[in-house]
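# Structural characterization, general
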Amino acid sequence: MNIFTIIIGAVFVNNFILVKFLGICPFLGVSKKTDSALGMGVAVIFVMTLASLITYVLDKWLLSAYGLEFLQTIVFIFVIAALVQIVEMIIKKISPTLYNALGVYLPLITTNCAILGVALLLVTGEVYGVMINNLFEAVLYGLFAGVGFTLALFLMSGLRQKVDSLPLPKVLKGFPITLITASLMAMAFAVFA
Amino acid sequence: MNCFLLASSVNWTTVWIALAIMFGVSIVFALLITVISKVFAVKTDTRVEEITSLLPNANCGGCGYPGCAGLAQAIVDGKAPIDACAQCVKANRIKIANIMGVSFEGGEETIAVVHCTGGIKCEDKYEYNGYGDCKSQSIMSGGRKMCEVGCMGVGSCVDACPYYAVEVKEGVAVVDQSLCVSCGNCILACPKKIIERIPKSAKIYIGCSSRCKGKDVTLMCKSGCIGCGICQRTCKHDAIHLQNNVPVIDYSKCIGCKECMAKCPRHVIRELK
């Protein structure tokens, strides 16, 4: 039952972008094309899952065990930065097309607050009312928070392709209408809460 | 005094443990990244970086590739010619040709000019009240102007120019030659195709593209070429010829004496500043 709560909670109820407003930068930056939005989403899922795993283990065995909770932020940033570096190298080798499509946003995952947010929330044992009891649940939450992130990005990219081709007044063209679209999506997601 | 108190209250054991943990974590990740960078090393062509450093790096997009690095990749792949970047200086083009191992046959530096001087002197067909964009207007029965190849003065080229070199004066687009680097963005933006590149050394250019007969031109535009041919007869150097009722200058023969400019009854031949 708890697994079901985690999945629904991470993807819909507490969607990191549309409900908690974390990770807005890639949400607005990489959502122009569906292809690159999905690529970014997959990269975030990958980094988020790995980051939840490694940070949870590090916290339980090292930091909390020795009472060094104050080190959490800096160690987690460190872990995420290293992970992004690794992911970048792997993607560059395996899929240069995806690497070019992601462009500057791949290194920007380093400072994506959604990932640091997930890592920092998971080690407290409770994420927005959902209890995290063990490593499996922590990794599961990380994975589905990434899925929620990808879902938001994917929906946004689809909407944006429609919106960008509308005959809009010049003041609304481009970024303003994107922000309005984002706010409407956030209102729609508020229904789940 | 405060400093001493602070220093004595620090729990040094905790500090050492914290340092040890950070050190340990960084060593582990450093090793991991080193190993992975060796395993997943991608062989990149060093020529791409060299050519990128020789290009202007303005990333204007005039060549049609995504930025200067994109063009450098295309040159290395053989998809783009050596002189695909119009604003690249000659010395750098020769260096690029050397990197690619091919000979370079010149290719003169160019600038863009608008082959129209009509503007407010050209009659309107109708009043346009639509979206302010040259393409949108040209869809409506070829634009607002009576002349099919007349500048509508809406200024899509002004928006396209990343160097602020184009402006609309008296209803017609004018390129400021001191700012133009011949990137080609305005040429791509103009739906009438009346912006063209000419050699930078040129002294004069033709300010009209109309191929209509003289009588039709006089009805439409006070500044259009009527195809009288005086310029062709005046030129002693065989450099200017009427083609389809509009003069064309052969810049390899033109010496810039400007005699045709003085004789032109419609002041279509203009001086480059």
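Let us look at the structure shown here. Quick caveat: nothing in here was measured; it's all calculated off a predicted structure. (Residues numbered from 1 in each chain as written. Chains lettered and ligands numbered in written order. Predicted model: local features only at pLDDT ≥ 70, side-chain atom pairs only at ≥ 80, totals over all residues. Heavy atoms only, no water.)

### A word on the overall build of chain B
A count of helical and extended segments in chain B gives 11 helices and eight strands. Across the 273 residues that make up chain B, the buried fraction comes to 38%. For chain B, long-range pairs separated by at least 24 residues make up 56% of all intrachain contacts whose partners lie at least 6 apart in sequence. As presented, chain B carries roughly 15,600 Å² of accessible surface, and 59% of it is formed by carbon and sulfur atoms. (Helix = DSSP H or I, 4+ residues; strand = E, 2+ residues; numbered from the N terminus. Buried < 20%, exposed > 50% of the residue type's maximum accessible area, 1.4 Å probe, protein only. Contact = heavy atoms within 4.5 Å. Areas by Shrake-Rupley, 256 points an atom, 1.4 Å probe, with all protein chains shown as cover.)

### Some words on the overall build of chain A
Scanning chain A from terminus to terminus reveals nine helices and two strands. Residue burial in chain A is summarised as follows: out of 193 residues, 47% are buried. In chain A, 75% of the contacts between residues at least 6 apart in sequence involve partners at least 24 apart. Working note: accessible area of chain A is about 9,000 Å², and carbon and sulfur atoms make up 73% of it.

### Describing helix α5 (residues 90-100) of chain B
Along an α-helix, residues three or four positions apart point the same way, because every turn accommodates 3.6 residues. All names here are of chain B. Taken together, the buried positions of α5 are occupied by N92, R93, I96, A97 and M100. Take α5 and look down its axis: the buried residues cluster within an arc of 145 degrees, on one side only. Of the surrounding elements, those touching the buried residues of α5 are α3 (46-54) and α4 (67-77). Backbone geometry just after α5 places G101 at a positive phi near 75 degrees. (Arc of directions from axis to C-beta.)

### Things to note about the nonpolar core
The biggest cluster of nonpolar side chains holds 60 residues, and the ones touching the most others in it are A:F27, A:I109 and A:Y141. For this core, the elements supplying multiple residues, two or more each, are α1 (2-13), α2 (24-29), α3 (34-63), α4 (72-94), α7 (113-122), α8 (135-164) and α9 (175-189) of chain A together with α2 (12-39) of chain B. Element by element, the count of residues in this core is highest for α3(A), at 10 residues. When residues no more than four places from it in sequence are discounted, the contact partners of A:Y141 are A:I6, A:G9, A:A10, A:N14, A:F16, A:L122, A:V127, A:Y128 and A:I132. Of all hydrophobic cores here, the second largest spans 22 residues; its members include B:V114, B:C186, B:A202 and B:L272. (Core = buried A, V, L, I, M, F, W, Y, C linked by side-chain atoms within 4.5 Å.)

### Regarding α7(A)
Residue and element names in this part refer to chain A. Listed in full, the buried residues belonging to α7 are A114, I115, G117, V118, A119 and L122. Buried residues along α7 sit against α3, α4, β1 (126-127) and α8. N-cap assignment for α7: the residue whose side-chain oxygen lies 2.9 Å from the backbone N of A114 is N112. (Polar contact = N/O pair within 3.5 Å; in protein donor to acceptor, adjacent residues only side chain to side chain.)

### Description of the pairing of strand β2 (residues 166-169) of chain B
For a regular strand, the rule is simple: side chains alternate between the two faces of the sheet. All names here are of chain B. The pairing of β2 with strand β3 (residues 172-175) spans four bridges and is classified as antiparallel. The residue bridging E167 from the neighbouring strand is V174, located in β3. Linking two consecutive strands that pair antiparallel, namely β2 and β3, is a turn of two residues; a positive phi of about 50 degrees is found at E170 within it. (Pairing = 2+ DSSP bridges.)

### Points about a nonpolar patch on the surface
Residue and element names in this part refer to chain B. On the surface, V10, W12, W16 and L19 cluster together into a nonpolar patch covering about 450 Å² of accessible area. Its location among the elements puts L19 in helix α2. Assessed through its relative accessible area of 47%, L19 is described here as partly exposed. (Patch = residues over 30% accessible without salt bridge, like charges linked within 9 Å, V, L, I, M, F, W, Y side chains within 5 Å. Salt bridge = Lys/Arg side-chain N within 4 Å of Asp/Glu carboxyl O.)

### Comments concerning the interface of chain B and chain A
Each partner contributes to the interface: chain B provides 16 residues, whereas chain A provides 18 residues. Summing both partners gives a buried area of about 1,700 Å² for chain B against chain A, and 89% of it is carried by carbon and sulfur. Its largest share of buried area at the contact with chain A, chain B owes to B:M22, B:F29 and B:F40, together 31% of the area lost on that side. At the surface where chain B touches chain A, the tally comes to zero salt bridges. Counting the contacts that link chain B with chain A gives one residue pair in polar contact (both at pLDDT 80 or more). Of the residues that constitute the side of chain B that touches chain A, the class distribution is 13 nonpolar, three polar and no charged. (Buried area = accessible area lost by both parts, 1.4 Å probe. Nonpolar A, V, L, I, M, F, W, Y, C, P; charged D, E, K, R; others polar.)

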